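Fold and contact review
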Amino acid sequence: MRSSAPDYRLTVAPMMDWTDRHCRFFHRLIAPRARLYTEMITTGAILHGDLGRLLDFSAEEHPVALQLGGSEPDDLAQSARIAQKWGYDEVNLNCGCPSERVQRGAFGACLMREPALVADCIKAMQDAVTLPVTVKHRIGVDNQEDYGFVRDFVGSLVQVGCTVFFVHARSAILKGLSPKENREIPPLRMSVVRQLKRDFPDVVIVANGGLQTIDQVRVVMSDAAEGPGVDGVMIGRAAYHDPWLLRDIQAEVLQDADRLPQRRDDILPALQTYFESQRARGISARYMGRHWHGLFHGQPGARRWRREICEGVLGPQALFTQLVRQAHQD
Ligand SMILES: Cc1cc2nc3c(=O)[nH]c(=O)nc-3n(C[C@H](O)[C@H](O)[C@H](O)COP(=O)(O)O)c2cc1C
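Residues numbered from 1 in each chain as written. Predicted model: local features only at pLDDT ≥ 70, side-chain atom pairs only at ≥ 80, totals over all residues. Heavy atoms only, no water.

Burial along strand 8 (residues 232–235) is two-sided: Gly-232 and Met-234 facing one way and Val-233 and Ile-235 facing the other are all buried. When strand 1 (residues 10–12) meets strand 8, the two strands line up parallel, connected through three bridges. Residue pairing across strands places Leu-10 opposite Val-233, the latter belonging to strand 8. Of the pairings in the sheet, the one linking strand 7 (residues 204–208) to strand 8 comprises three bridges and is parallel in character. When the bridges of strand 8 are listed, Ala-207 appears paired with Val-233. On the question of chirality, the crossover connecting strand 7 to the parallel strand 8 by way of helix 9 (residues 214–221) is right-handed. (Buried < 20%, exposed > 50% of the residue type's maximum accessible area, 1.4 Å probe, protein only. Helix = DSSP H or I, 4+ residues; strand = E, 2+ residues; numbered from the N terminus. Pairing = 2+ DSSP bridges. Right-handed = clockwise from strand over helix to strand, strands pointing away.)

This is how it looks when you write it as structure tokens:
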């Protein structure tokens, strides 16, 4: 049981097929303070699937949140109970995914059009567990992109006691765009996220979308003429492709040196131990290594590391040793 207040300043976005347990373990080594999120898991999968495969995670991953996809209050409540039993630190409801499959299931971003139903879902989960129940959402859906739409959505959830919102600063386009296109189009509007912070000063507002540099993070977290800074950031693709950014945000924005690695190879002994323990459980080297390709992003040898860690022939420590040896010979 964790007693300290949750820290939302630095979070890593839920990303399907990407932020599995192997990716999260790796991120944890790089940024000990980051709050980590699972891929979205539907209530259907949790209520009828293989729980060990879906939910198991390493103790080192704490604090880690389970992101749920669903829109039935009872199913969400039951899934939240299961999340609590498995030791997750938070349950997050997905109200931002635009995929057609998710729309067919009537959840994800289309839920923003049904704030009363989402409020019922949140209440049902809050009644079922003692964990924080949080929401990740967009700033609009299709042509409903006036500020009042997202303000009223957040407002109705605040009324039932939801206090943490992860806001992807672009609208979701439900027809005609793929999920991938929906992460580039339409343009980001971070000012809307800031406006939410101004209008709901007592709740936690975490900004998400397109954050790729320390300076961008600093700006959105700082007070400005347009209003107070947001409480935290949620980093998605940049954390996956250039994970050292998480370390730099913890060091320079959070100014928190606790357990922070100084050099990229500092994390390799622990990563190697993890790699071996997972190999012994039958997990393939490639399956894990594909998430670790970005460790040396922008550094000498990055290309070879990326290629070879994904091939999974050598574990992280052995591959690094080989690359260093080769660099000396060149
Ligand atoms: C491969 C991939 C999978 C994603 N899967 C999810 C998901 O399961 N749940 C969710 O809420 N968002 C998902 N997202 C959206 C991200 O959480 C995030 O909101 C989006 O990428 C914008 O942040 P970024 O610009 O920092 O990447 C996904 C994004 C990517 C790239």
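Let us keep going from here.
Moving on, we come to the site of the ligand. In the vicinity of the ligand lie 17 residues, with Met-16, Gln-67, Asn-208, Gly-210 and Arg-237 positioned nearest. For the ligand, a nitrogen atom lies 2.8 Å from a polar atom in the backbone of Met-16. At 2.7 Å from an oxygen atom of the ligand is found a side-chain nitrogen or oxygen belonging to Arg-237. In the complex, the protein chains occlude 93% of the 600 Å² of accessible area that the ligand would expose alone. Here the shell around the ligand is built from residues that sort into seven nonpolar, seven polar and three charged. (Near = heavy atom within 4 Å. Polar contact = N/O pair within 3.5 Å; in protein donor to acceptor, adjacent residues only side chain to side chain. Areas by Shrake-Rupley, 256 points an atom, 1.4 Å probe, with all protein chains shown as cover. Nonpolar A, V, L, I, M, F, W, Y, C, P; charged D, E, K, R; others polar.)

Once that is clear, we can look at the pairing of strand 5 (residues 133–137). With respect to burial, strand 5 is a largely interior element, five of its five residues being buried. Judged by which residues are buried, strand 5 turns out to be covered on both faces: Val-133, Val-135 and His-137 on one side and Thr-134 and Lys-136 on the other are all buried. Sheet topology places strand 4 (residues 90–95) next to strand 5; five bridges connect them, and they run parallel. Its bridge partner being in strand 5, Cys-95 is matched across the sheet by His-137. In terms of handedness, the path from strand 5 via helix 7 (residues 147–159) over to strand 6 (residues 164–168) forms a crossover that is right-handed.

Another point: the side chain of Lys-197. Mapped onto the secondary structure, Lys-197 falls in helix 8 (residues 190–199). The contacts of Lys-197, once residues within four sequence positions are left out, are Val-203, Ile-205, Pro-228, Gly-229, Val-230 and Asp-231. (Contact = heavy atoms within 4.5 Å.)

Purely geometric numbers; function is a separate question.
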